[in-house]
Amino acid sequence: MAGKSKPSVPSTSKPGGKPAPPRMSLAEVMSALEKAGTAQARKIYARHGATGPMFGVSFADLKTQVKRIKVDQELALALWDTGNVDARNLAVKIADPKLMSPKDLNRWASDMTQRGCNAYVAHLAVEGPHAESRVDRWLEAKAENIRCCGWMLVGALAKHNETLSHAWFAHHLATIQKTIHKAPNHEREAMNGAVISIGCRDAAMRKAALAAAKQIGPVTVDHGDTDCKTPDAAIYIEKAWANAVEKGFESPGAQERNRESMRTRC
């Protein structure tokens, strides 16, 4: 339940190994997050759209907590229910994708206000069993932040789901090509990211995404008082391919599948 911490449980030992540390309670984690917060980070997060209570914890400090906690679905749900921005940023990193219900994913997609962090919810979905069922629901949502999450999910599926057809991605490329310049500001950014990710899937989708990017042309996004830039999709796709091939991968998608999850590494 929200605001209610669970007690630590006794640690267990693996044969021949060190005792595992006790699980952290909600109260312990919130205290650690509060101590790690800074005024500067709060300003940065606010400029990126974060609203509600926050301590301002850097993602480097969040990663320290992820290494300590690892995966704890019960704690992740409790952290989310606090409504605290930093607690939610940690929740998407320690949640168990296989245990996230469609209802939880919908709620988290709706609640996430910090721009760019929609990608964490999208990757949480793509690592679990409900990704494909969320795409249309999120893309058809009235709220822009949920649609952004939907486009990020399309991009995540392009790199991680090897069973979806070329036609499925071609359909979404066509939609982006027709609507991107009429879409709201931050949805344009998410759509542009989806074009890039689709272009990283395989050779066929590279060709299709580059053709779409050419037809779309420059994408204008107002990033507000931030240092963020809108990447040129075609240039970014080609750079991603050059990097992947140089490192011995058949595609940027294959390279991504061989890396630690974006949720926990970034």
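Structure's up top.
Residues numbered from 1 in each chain as written. Predicted model: local features only at pLDDT ≥ 70, side-chain atom pairs only at ≥ 80, totals over all residues. Heavy atoms only, no water.

Next up on the list: the pattern of salt bridges. Taken as a whole and judged by the stated rule, the model has 12 salt bridges. With a closest N to O distance of 3.5 Å, R23 and E74 form a salt bridge. In this pair, R23 sits in the segment before α1 (26-36) while E74 sits in helix α4 (residues 73-81), placing the two residues 51 residues apart along the sequence. Overall, E74 belongs to the partly exposed group, its relative accessible area being 47%. Between R147 and E187 there is a salt bridge, and its shortest N-O distance comes to 2.8 Å. Taken as a pair, R147 in helix α9 (residues 144-160) and E187 in helix α11 (residues 185-199) lie far apart in primary sequence, 40 residues in all. In terms of burial, R147 and E187 fall into one category: buried. One connected set of salt bridges, linked through shared partners, spans R23, D72 and E74. (Salt bridge = Lys/Arg side-chain N within 4 Å of Asp/Glu carboxyl O. Helix = DSSP H or I, 4+ residues; strand = E, 2+ residues; numbered from the N terminus. Buried < 20%, exposed > 50% of the residue type's maximum accessible area, 1.4 Å probe, protein only.)

Let's shift gears to the packing of helix α12 (residues 203-216) against helix α13 (residues 233-246). The N-to-C vectors of α12 and α13 enclose an angle of 155 degrees; their axes lie 9 Å apart at closest approach. One element, α12, and the other, α13, form an angle in the roughly antiparallel class. Between α12, through A203, R206, A209, L210 and A213, and α13, the contact on the second element is made entirely by A233, A234, I237, E238 and W241. Split by residue class, the contact of α12 with α13 holds 8 nonpolar, no polar and 2 charged. (Axes fitted to C-alpha atoms, helices over the stretch in contact; angles between N-to-C directions. Parallel < 35°, antiparallel > 145°, perpendicular 65-115°, else oblique. Contact = heavy atoms within 4.5 Å. Nonpolar A, V, L, I, M, F, W, Y, C, P; charged D, E, K, R; others polar.)

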